[in-house]
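Notes for the structure review
Chain by chain, the residues:
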Amino acid sequence: MKTFLFCVVVLLVILIGAFLYRVLQGPTIFDRLLGHNGISTKAIILLIVIGISFERVDMFIDISIGYALLNLVGALAVAKYLEQKEASIE
């Protein structure tokens, strides 16, 4: 079981690296925002896998829910900012 969880963690880290490339090289702000959301989603899954590994899933689920809420609020704030910026240009 530990080998499987290790393989899952390695795969998630590789996926986070791919999203990090999109965040750093994204031609538009929307590509960067989608990359950030992808990293956050994979980090939430990574937290749950770590919780399974340490046999403390209940604690890590609470942490991941808090992280997901922060990600949601951050994405909404950026979207609202971009909406206001677009409205001020017109």
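Figured I'd write up the structure that's included with this text. Just so you know, these numbers come straight off a predicted model, no measurement behind them.

Remarks on the environment of lysine 42
Within the element layout of this structure, lysine 42 appears in helix α2 (residues 29–54). For the pair formed by lysine 42 and leucine 5, sequence separation is 37 residues and the distance between their alpha carbons is 14 Å. Not counting chain neighbours up to four residues away, the residues in contact with lysine 42 comprise Leu12, Leu15, Ile16 and Phe19.

As for the packing of aromatic side chains
Summed over all chains, the structure comprises one aromatic pair. Each ring, one from phenylalanine 54 and one from phenylalanine 60, has its centre 6.4 Å from the other, and the planes form 25 degrees; the classification is stacked. Phenylalanine 54 sits in the exposed class, given a relative accessible area of 58%.

Scoring rules and cut-offs
- Residues numbered from 1 in each chain as written.
- Predicted model: local features only at pLDDT ≥ 70, side-chain atom pairs only at ≥ 80, totals over all residues.
- Heavy atoms only, no water.
- Helix = DSSP H or I, 4+ residues; strand = E, 2+ residues; numbered from the N terminus.
- Contact = heavy atoms within 4.5 Å.
- Phe/Tyr/Trp six-rings, centres within 6.5 Å; stacked < 30°, edge-to-face > 60°.
- Buried < 20%, exposed > 50% of the residue type's maximum accessible area, 1.4 Å probe, protein only.

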